[in-house]
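So you can see what is in the structure, the chains are spelled out below.
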Amino acid sequence: MNIGILISGRGSNMIAIADAVESGEIGGSEVAVVISDKSDAAGLGKARERGIKTSVIERNGRTREEHDAEIIAELRKNEVELVCLAGYMRLLSAGFIRSYPNRIVNIHPSLLPSFRGLDAQKQAIEYGVKVSGCTVHFVDEDLDNGAIILQRTVEVLDDDTAETLSARILEQEHAAYVEAVRRIAARDLWINGRRTVLIAEA
Ligand code: GAR
């Protein structure tokens, strides 16, 4: 399975997926391209160091549709079959989502549907939840809304700040994203409306 990864910044989830592909943990797959909408994204250098093809496609005042069309063209050129959003901080247009039905996944640093949008870890601290975590989900036209593939929990400690909680959630994100992509690559997932079920367990 050819994987395309979209990033905007640090790229640690992208690296977790790339390393799992490299080690054979995600069988029969390849990271075909890493695309960033920011030319200064730190993840770009890390991808290049690993010999992964990168591409910078900035928005440059264009409409979301025009920008997405160029990204889709780049994904198609690289024969991408699965799109992983990894800290990609832009909403996708409806056209983008229709181009890859059930083939775009995202990671979000909260237990959805709680704390959608930006600064999810800070939102969790301010709300006072005792447990948070991360969610890997398919992407649909609403923000942080598509069918959930898997979640991992993280306890919120009394002395946590947004930074300390984010760091512990991030560790779980890496494991969760690798496991979710592994299941998709192995075609082990069955999607039934909002529910995804492991075929082995269905
Ligand atoms: C991750 O914590 C990811 O869950 C979050 O951005 C960070 C990216 O880190 N994404 C979102 O908040 C999307 N709504 P990374 O660039 O090191 O993977």
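The coordinates are above.
Predicted, not measured: the structure shown is a model, and the values here were computed from it.

(A) Broad picture of the site of the ligand. Around the ligand, a shell composed of Arg-10, Gly-11, Ser-12, Asn-13, Gly-87, Met-89, Ile-107, His-108, Pro-109 and Glu-173 is seen. Glu-173 is positioned with one of its side-chain polar atoms (N or O) 2.7 Å from an oxygen atom of the ligand. Here the ligand loses 88% of its free accessible area of 450 Å² to cover by the protein chains. Mapped onto the shell around the ligand, the elements with two or more residues apiece are helix 1 (12-22) and strand 5 (104-108).

(B) View of the pattern of salt bridges. Within this structure, the stated rule accounts for 10 salt bridges. Between Glu-126 and Lys-122 there is a salt bridge, and its shortest N-O distance comes to 3.5 Å. Linking Glu-126 with Lys-122, this pair stays in helix 5 (residues 120-127), spanning 4 residues, or about one helical turn. Look at Glu-126 and you get exposed, because its relative accessible area is 60%. Of the residues examined, Lys-122 reaches a relative accessible area of 42% and is grouped as partly exposed. Among the ionic pairs, Arg-182 bridges to Glu-179, the shortest N-O distance being 3.1 Å. In this pair, Arg-182 and Glu-179 are both assigned in helix 6 (residues 162-185), 3 residues apart and thus about one turn of the helix distant. What makes Arg-182 partly exposed here is its relative accessible area of 27%.

(C) Broad picture of the environment of Gly-133. Within the secondary structure layout, Gly-133 lies in strand 6 (residues 131-138). Counting along the chain gives 24 residues from Gly-133 to Pro-109, while the straight-line C-alpha distance between them is 6.1 Å.

(D) Fine view of the side chain of Thr-54. Along the chain, Thr-54 falls in strand 3 (residues 54-56). At 2.9 Å, the side chain of Thr-54 and the side chain of Arg-48 are in polar contact. When residues no more than four places from it in sequence are discounted, the contact partners of Thr-54 are Val-34, Leu-44, Ala-47 and Arg-48.

Calculation notes
Residues numbered from 1 in each chain as written. Predicted model: local features only at pLDDT ≥ 70, side-chain atom pairs only at ≥ 80, totals over all residues. Heavy atoms only, no water. Near = heavy atom within 4 Å. Polar contact = N/O pair within 3.5 Å; in protein donor to acceptor, adjacent residues only side chain to side chain. Areas by Shrake-Rupley, 256 points an atom, 1.4 Å probe, with all protein chains shown as cover. Helix = DSSP H or I, 4+ residues; strand = E, 2+ residues; numbered from the N terminus. Salt bridge = Lys/Arg side-chain N within 4 Å of Asp/Glu carboxyl O. Buried < 20%, exposed > 50% of the residue type's maximum accessible area, 1.4 Å probe, protein only. Contact = heavy atoms within 4.5 Å.

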